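If you want the building blocks of each chain, they are given just below.
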Amino acid sequence: MRQITVTEHLLLHQKQEPMATGRLTRLLNELILSAKIISREVNKAGLVNVLGNTGEINTQGEEVQRLDEFANSVIIHRMQRTGMLCAMASEEQDGLIDIPERFPKDEYFLVFDPLDGSSNIDANVSIGTIFSIYKTKYDLQGQVELSQLLQKGSEQVAAGYFIYGSSTMMVYTTGRGVDGFTLDPGVGEFLLSNPNIQIPEQGNLYSVNEAYWHYWDSLTQRAVSIFKDPNSDLGKLYSLRYIGSLVADFHRNLLYGGIFMYPIDYRDPKKPKGKLRLMCECAPLAMVVEQAGGLATDGKNRILDLEPNELHQRTPLFIGSKNDVLKVQEIFEQGS
Ligand code: AHM
Ligand code: MG
């Protein structure tokens, strides 16, 4: 059987869109190239001794590791010269990333997490790059204002992730379902391996960091308990799977069915909060999961309907199989 490459797939989709200009396709192709470069470095990290911390701290107070920096700069370097973007935002940088004057600009806005799960790098655990693309009202004239760029997730025109695991995969959506591609290292191409991914309506897996149990409120505790209650009306006992690497946890649950949860906790009683970032982590995965037939909420509201007030806004996240997410939502709604 002839294998379809991701580039062919993008072009096929582009042809089906009467208004398509090919710019989004070109943008995604450039992102794919960036991911191939990151994948190569991730794979050889152990060999060339680039593992380990730089000792620097990123804008959100976390330790930056060398592969994070590398992935961040590869994406910025390649994407800024596409002529398709008016700005970018990265989990690794506090403010907007401007497109230098010498490069042409256009109306797309790219938000990305260059290497999510980077605390797992040293242990050879799967990590990933998450991306989200918006169209903006940028008029090609003056400066881009942050307020022009902050949009809810339902406005995304494309979203997805690359996972660097036992193989490297790309999973993406442009709003017409979700497709998965596996990188064939021999030919250097992503080949269609998981067409039209559908998440099972109900899963067998729940994924959450239960160490925070005592820092959750009683509603959150009830929501998590339901998955380990063999007599719950979900009708079965679930298994716990938690890697601590969002892309890897999400990807597994997308394929096998299940729910991933990162609720608000009260480790700092004065500042209860969720950890994951709305724009560069939650919204793109929410678009993917909805396109695959699943759901994503913050407990009460659809993630894709949340209006961001700032680039690095955080939100609680409950994402995965439809029935599992609805169950959690029911508990939060009953409790309030
Ligand atoms: P990062 O972007 O700094 O790598 O942090 C995000 C990661 C996610 O990949 C993962 O789901 C989560 O942090 C795990 O957090 P915790 O260790 O609190 O369970
Ligand atoms: Mg992250």
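Treat the numbers as computed from the prediction; the structure is a model and nothing was measured. (Residues numbered from 1 in each chain as written. Chains lettered and ligands numbered in written order. Predicted model: local features only at pLDDT ≥ 70, side-chain atom pairs only at ≥ 80, totals over all residues. Heavy atoms only, no water.)

Some points on the sheet that holds strand S7 (residues 156-164)
Hydrogen bonds along the backbone pair up the strands of a sheet, which may run parallel or antiparallel. The condition that has to hold: Whether two strands pair depends on DSSP finding at least two bridges between them. Numbering of helices and strands runs from the N terminus, with a helix taken as a DSSP run of H or I at least four residues long and a strand as a DSSP run of E at least two residues long. Contact between two residues is taken to exist if any of their heavy atoms lie within 4.5 Å; hydrogens are not considered. Axis lines are fitted to C-alpha atoms, over the contacting stretch for helices. Their N-to-C directions set the angle, which ranges from 0 to 180 degrees.
Pairing is mixed across the open sheet formed by eight strands, whose spatial order is S4-S3-S5-S6-S7-S8-S9-S10. A single partner strand is all that each edge strand has here, and the edge strands are strand S4 (97-98) and strand S10 (189-194). In terms of strand pairing, strand S3 (residues 85-90) meets S4 through two bridges, oriented antiparallel. Bridge pairing in S4 links Met88 to Ile97. Contacts from helix H2 (residues 23-44) reach S3, strand S5 (108-116), strand S6 (127-135), S7, strand S8 (168-173), strand S9 (179-184) and S10 within the one sheet, and its direction differs from that of S7 by about 15 degrees. Packing against the sheet, helix H7 (residues 278-291) makes contact with S5, S6, S7 and S8, and its axis sits at approximately 100 degrees to S7.

Considering the pairing of S9
Two elements, S8 and S9, share four bridges in a ladder whose sense is antiparallel. Paired with Met169 across the strands is Thr182, a residue of S9. Remark: five residues form the turn of the hairpin made by S8 and S9, two consecutive strands paired antiparallel; Gly175 in that turn has positive phi of roughly 95 degrees. Bridging between S9 and S10 involves five bridges; their strand directions are antiparallel. By the bridge assignment for S10, Phe181 is matched with Leu192. The hairpin formed by S9 and S10 contains four residues between the paired strands, and Gly188 there has a positive phi angle of roughly 70 degrees.

Observations regarding unusual backbone geometry
Worth spelling out the cut-off: Exposure categories follow from relative accessible area, calculated using a 1.4 Å probe and restricted to protein chains: below 20% of the type maximum is buried, above 50% is exposed, and the middle band is partly exposed.
The phi dihedral of Asn124 is positive, around 65 degrees, even though this residue is not glycine. Residue placement: Asn124 occurs in the loop between S5 and S6. Here Asn124 falls in the exposed class, since its relative accessible area comes to 73%.

Concerning the side chain of Asn72
Keep this limit in mind: Two N or O atoms form a polar contact when they lie within 3.5 Å of each other; inside protein one atom must be a possible hydrogen donor and the other a possible acceptor, and for residues adjacent in sequence the pair counts only when both atoms belong to side chains.
Tracing the chain through its elements places Asn72 in helix H3 (residues 66-79). At 2.7 Å, the side chain of Asn72 and the side chain of Ser90 are in polar contact. Each residue touching Asn72, except ones within four places of it in the same chain, is listed here: Ser90, Glu92, Gln93, Phe112 and Pro114.

Some remarks on the site of ligand 1
We apply this condition: The near set for a molecule or strand comprises every residue that places at least one heavy atom within 4 Å of it. The protein chains shown are the only cover counted for residues, whose accessible areas, like all others here, come from Shrake-Rupley with a 1.4 Å probe. Under the convention adopted here, Pro, Cys and the residues Ala, Val, Leu, Ile, Met, Phe, Trp and Tyr are nonpolar, Asp, Glu, Lys and Arg are charged, and Gly plus all remaining residues are polar. Domain boundaries shown here were taken from an automatic or database domain assignment.
In the neighbourhood of ligand 1, 17 residues make up the surrounding shell, with Asp116, Tyr212, Tyr242, Leu246 and Tyr262 lying closest. Interatomic distance of 2.6 Å between a side-chain N/O atom of Tyr212 and an oxygen atom of ligand 1. Within the complex, 86% of the 470 Å² of free accessible area of ligand 1 lies under protein. Tallied by class, residues from the shell around ligand 1 come to five nonpolar, five polar and seven charged. Two domains each donate at least three residues to the shell around ligand 1, and these are domain 1 (6-194) and domain 2 (205-334).

Here we look at the pattern of salt bridges
Counted only if it meets this: A carboxyl oxygen of Asp or Glu within 4 Å of a side-chain nitrogen of Lys or Arg is what we treat as a salt bridge.
For the structure on display, the rule yields 14 salt bridges. The residue Glu210 makes a salt bridge to Lys228 at a minimum N-O spacing of 2.8 Å. Of this pair, Glu210 sits in the loop between strand S11 (205-207) and helix H5 (218-225) while Lys228 is found in the loop between H5 and strand S12 (239-240), placing the two residues 18 residues apart along the sequence. Of the charged contacts, one joins Arg302 and Glu290 as a salt bridge, the two residues approaching to 2.8 Å between their closest N and O atoms. With Arg302 in the loop between strand S14 (295-297) and strand S15 (317-320) and Glu290 in helix H7, this residue pair connects regions lying twelve residues apart in the sequence. Glu290 gets classed as partly exposed once you look at its relative accessible area, which sits at 22%. Via salt bridges that share partners, Arg23, Asp106 and Glu107 belong to a single interconnected network.

Here's the deal with the environment of Ala45
Its location among the elements puts Ala45 in the loop between H2 and strand S1 (53-57). Placed 33 residues apart in sequence, Ala45 and Arg78 show a C-alpha to C-alpha distance of 21 Å.

Some words on the nonpolar core
Under the convention used in this document: The definition of a nonpolar core used throughout is a set of buried Ala, Val, Leu, Ile, Met, Phe, Trp, Tyr and Cys residues joined through side-chain atoms within 4.5 Å.
Counting residues in hydrophobic clusters, the biggest one holds 49 residues, and the most contacted among them are Tyr161, Phe227, Leu254 and Met261. When contributions to this core are tallied by element, the ones reaching two or more residues are S7, S8, H5, helix H6 (246-256), strand S13 (258-262), H7, S15 and helix H8 (322-335). When residues of this core are assigned to their parent elements, the largest contribution, seven residues, is made by H7. Two domains share this core, each providing at least three of its residues, namely domain 1 (6-194) and domain 2 (205-334). Apart from the residues within four sequence positions on either side, Leu254 is in contact with Tyr161, Val171, Ile197, Gln198, Ile199, Pro200, Val288 and Ala292. Counting 41 residues, the second-largest nonpolar core is a separate cluster that includes Leu10, Leu67, Phe112 and Ile121.

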